[in-house]
Every structure is written in C-alpha cells, then in structure tokens.
Amino acid sequence: MTNKKIKIALVFGTRPEAIKMCPLVKKLEQNPCFDVLTIVTAQHRQMLDSVLELFDVKPDYDLNLMKPNQNLWSLSSDILLETKKVFEKEKPDLVLVHGDTTTAGLSALSAFYARIKIGHVEAGLRTFDKDYPFPEEMNRILVDSISDLMFCPTDKACSNIKESRINKGVYKTGNTVIDALFYVIKNKKANLDFINLNPDLKTILVTSHRRENFGEPLRNICFAIKELVEKNKNIQVVYPLHMNPNVRNTVKPILDNIDRIKLIEPLDYLPFCALMKESSIILTDSGGVQEEAPSLGIPVLVLRQETERPEALEFGGVKLVGTNKETIVSTVQELLDNKNEYEKMSKAINPYGDGYACSYIEKIILEYFNL
C-alpha cells in the first residue's frame with residue numbers, strides 16, 4: 001500500500017451531505033498520498049449544486065439521479081446500480097459516505113458488495129427508534145454495521161457504536177459541519193438584503209422538512225408560529241420553504257401573507273449561515289442546524305420528539321419541543337421574556353467539535369493504510 005496512492009471515493013447526494021463532505025474533499029485533495037474521487041448522486045439536485053459551487057468542488061462522477069416524485073424504492077435501486085458501475089471501473093481502496101441519507105445507506109451497501117473498505121463520516125448517531133427519523137435511523141445503523149472506519153462527532157456517538165459490540169475502527173473526530181461553518185463565515189460574504197429584515201425586530205428562523213412532521217405535526221408548528229407573531233410585535237419570522245410539496249402545501253395556506261412572517265425560497269448554504277448568525281432563536285427539525293447554531297451562540301428548539309444528537313441537549317444549547325403547539329409557543333415565549341434563560345442557552349458550549357474534524361479524519365486514514 002505504501003508504494004501507491006490510496007484511491008478514496010467520497011459519495012454524497014444531498015445538500016446537508018455536501019456541506020459536511022466538501023471540506024473533507026478539499027482537505028484530502030491536498031494530500032499527495034491520496035487519489036480523490038468525488039461522486040455525487042444528486043439526490044437533491046439544485047440545492048446540492050449551490051454547495052458544490054460555494055466550496056469549488058467539481059465532481060468526477062455526477063450520477064444525476066433526482067427524478068420528479070421519486071420514491072425510496074426507485075432511488076435506492078438507482079443508487080445501488082449506478083455506484084456499482086463506478087466502483088467496478090475505478091476500484092477505490094476506500095469509500096467515504098456521510099450520515100444517514102438514502103445515498104449514504106445504499107452507496108455503503110454497494111461498496112460492501114464490491115468488497116471495498118468503507119468509512120462513515122458522522123457515525124454513531126441514534127434515536128433508538130427505527131421510525132424516527134424515517135428512513136434515516138435505519139440508514140445510519142446499516143452504514144455503521146458494515147463500515148471499517150467510523151468517524152464519530154462525539155463521545156456519545158462512539159459509545160453508541162461500541163454498545164452494539166463494534167469496538168474496532170471507532171474514532172471521535174468532531175463534526176465536519178463545524179469545519180464548513182467556520183470556513184464560510186471566515187472566507188465568504190453573504191447579502192441578505194433580499195429578505196428585507198427589519199433590524200429593530202428579533203428574528204426567529206424556522207426550518208422544517210422531515211417526513212415524520214408532514215401533515216398534522218407541521219400544521220401545529222405553523223399555528224404556533226402564527227400565534228407567536230400575533231402575541232409579540234417585536235419579532236419577525238423567516239421560514240425558507242423546502243421544495244417538497246408536502247411542506248409547501250401545508251405551510252402556505254396557514255402562514256402566507258401574514259405580517260412579519262417571511263416565507264422565502266430555500267437558501268444556499270452561504271446566506272443560510274449568515275441568516276443563522278442574524279437570528280435570535282432557531283426552530284428546526286434539521287440535524288445540521290442543531291450542530292451549527294450552538295457555535296454561533298443561537299438557542300435551538302428542535303421540532304421533533306427525539307433527536308440523535310443528545311449532546312447539545314446535555315450541554316444546554318438545544319431543547320426538544322416536539323410539534324405540540326402549546327409547548328412550542330411557551331418555550332419560545334420564555335426565551336423572549338427571560339434574559340437569564342436565553343443567555344444560559346446561548347452561552348452553552350458546542351460539543352460537536354473545534355473545526356478540525358477533517359484533519360483528524362485525514363490522519364486516521366493515513367494511519368489505517370500505514371502511510
């Protein structure tokens with residue numbers, strides 16, 4: 001192994017994956033020991049492309065698998081078959097996948113079938129409920145069970161894997177999303193003029209797109225937002241709407257054309273980071289936001305019943321509020337009214353890393369291949 005470059009294929013397909021994998025692509029490309037291949041499934045097409053452009057990552061293979069109204073069966077079979085072709089042609093020594101998406105699960109399975117070593121970035125996350133989130137919980141369990149290297153963001157994530165009797169190849173590295181966040185804030189500038197924020201109002205940022213919140217849970221979230229705006233004249237809400245019709249067809253009838261509620265199109269990563277920085281409170285069902293916002297000192301209220309990221313709950317920067325309207329309203333109201341409670345959350349330590357996760361992963365891979 002020491003006489004040739006190690007060929008590493010990084011596979012991802014959604015915007016969150018791209019945000020967390022692009023810094024790793026850039027880091028590994030700088031090392032002369034590695035021959036780096038970037039493969040995108042384009043499970044999310046438009047949102048993926050904007051992140052690739054931001055980080056100046058040009059895929060070696062773009063499988064372009066996104067189709068209108070695709071389901072998990074068709075997407076899964078497409079990923080499995082198309083990655084098979086690439087793996088058979090390129091014969092990588094290591095395939096790196098990220099997190100818990102269908103792209104991660106099926107690309108890892110494809111690599112396993114091809115007898116290729118697998119590395120799981122953001123390994124070890126668990127809710128211990130196979131239905132929440134669906135299908136992500138089972139995707140990450142699958143990937144961890146067949147991986148050779150597991151790069152865990154926290155001690156708790158490491159423990160989750162070891163408790164399943166996997167004790168080899170488990171490493172704590174922090175989360176690459178902090179690397180991405182620090183890079184963007186330091187090196188890029190975003191213009192938020194198009195949102196037309198009122199600087200005299202506190203901004204509440206909302207994101208909600210997970211399948212388990214479709215229908216009644218999302219309606220409850222929307223009615224909570226509406227009540228908060230009606231009760232508090234000093235706040236404005238910005239809600240970038242996911243492209244999924246299940247989100248848009250629920251949110252718009254309840255929140256469209258209400259004063260101080262701004263329903264906007266999905267944001268690229270750069271303006272989204274800038275908007276997070278401008279926000280006072282964030283309501284989200286996103287996993288990545290739970291990791292990023294504490295580094296910016298923004299309290300996060302999670303619109304889910306469970307989270308696979310309990311560390312921020314323990315450190316105090318994040319709270320679970322679920323999708324009950326009264327709970328959401330009362331918790332947000334307390335943060336608006338109680339300065340001590342707000343400061344306790346905003347000053348909590350972020351347990352998800354120091355911004356050097358990519359360097360730690362690089363070092364582990366070098367050691368694994370005796371380089």
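Conventions adopted
Residues numbered from 1 in each chain as written. Predicted model: local features only at pLDDT ≥ 70, side-chain atom pairs only at ≥ 80, totals over all residues. Heavy atoms only, no water. Buried < 20%, exposed > 50% of the residue type's maximum accessible area, 1.4 Å probe, protein only. Helix = DSSP H or I, 4+ residues; strand = E, 2+ residues; numbered from the N terminus. Pairing = 2+ DSSP bridges. Right-handed = clockwise from strand over helix to strand, strands pointing away. Contact = heavy atoms within 4.5 Å. Axes fitted to C-alpha atoms, helices over the stretch in contact; angles between N-to-C directions. Parallel < 35°, antiparallel > 145°, perpendicular 65-115°, else oblique. Left-handed = near helix turned anticlockwise from the far one by under 90°. Nonpolar A, V, L, I, M, F, W, Y, C, P; charged D, E, K, R; others polar.

1. Focus: the pairing of strand 9 (residues 235-240)
A large share of strand 9 lies buried, amounting to six of its six residues. In terms of strand pairing, strand 8 (residues 202-207) meets strand 9 through four bridges, oriented parallel. Of the residues in strand 9, the one forming a bridge with Leu 205 is Val 238. In the classification by handedness, the crossover that spans strand 8, the intervening helix 8 (residues 216-231) and the parallel strand 9 is right-handed. Chirality of the crossover, the property in question, places the unit of strand 9, helix 9 (residues 245-255) and strand 10 (residues 261-264) among those that are right-handed.

2. So, the sheet that holds strand 4 (residues 94-98)
Sheet strands associate in pairs through backbone hydrogen bonding, adopting either a parallel or an antiparallel arrangement. Read from one edge to the other, the open sheet built from seven strands follows the order 3-2-1-4-5-6-7, with strand pairing classed as parallel. The sheet is open, and its two edges are formed by strand 3 (61-62) and strand 7 (170-172), each paired on a single side. Summarising the sheet, strand 1 (residues 6-12) and strand 2 (residues 34-40) pair through seven bridges and their orientation is parallel. If you follow Val 11 over to strand 2, its bridge partner there is Ile 39. Packed onto the sheet, helix 1 (residues 15-29) meets strand 1, strand 2, strand 4 and strand 5 (117-121) and runs at close to 165° relative to strand 1.

3. Details of the packing of helix 7 (residues 176-187) against helix 11 (residues 287-296)
Between helix 7 and helix 11, whose axes approach to 9 Å, the crossing angle comes to 50°. Relative to helix 11, helix 7 is oriented oblique. As for the relative orientation of helix 7 and helix 11, their crossing is right-handed in sense. Side by side, helix 7 and helix 11 meet where Val 177, Ile 178, Leu 181, Phe 182 and Ile 185 of the first sit next to Glu 291, Glu 292, Ser 295 and Leu 296 of the second. For the contact of helix 7 with helix 11, the residue count by class is six nonpolar, one polar and two charged.

4. A closer look at unusual backbone geometry
Following Tyr 132, the chain continues to Pro 133 via a peptide bond in cis, the omega torsion being -10°. The residue after Phe 134, namely Pro 135, is reached through a cis peptide bond having omega 0°. Note on placement: Pro 135 falls in the loop between strand 5 and helix 5 (136-146). The phi torsion at Lys 91 lies on the positive side, around 50°, for a residue other than glycine. With respect to the secondary-structure elements, Lys 91 resides in the loop between helix 3 (72-90) and strand 4. The class of Lys 91 is exposed, set by a relative accessible area of 61%. The backbone of Arg 260 shows a phi angle near 75°, a positive value even though the residue is not glycine.

5. A closer look at the pairing of strand 1
Along any regular strand the residues' side chains alternate between the sheet's two faces. Buried residues dominate strand 1, accounting for seven of its seven residues. Side-chain alternation along strand 1 places Ile 6, Ile 8, Leu 10 and Phe 12 on one buried face and Lys 7, Ala 9 and Val 11 on a second face that is also buried. You can see the chain leave strand 1, run along helix 1 and come back into strand 2, and the turn it takes is right-handed. Alignment of strand 1 against strand 4, held across three bridges, turns out to be parallel. Bridged to Ala 9 within strand 4 is Val 95.

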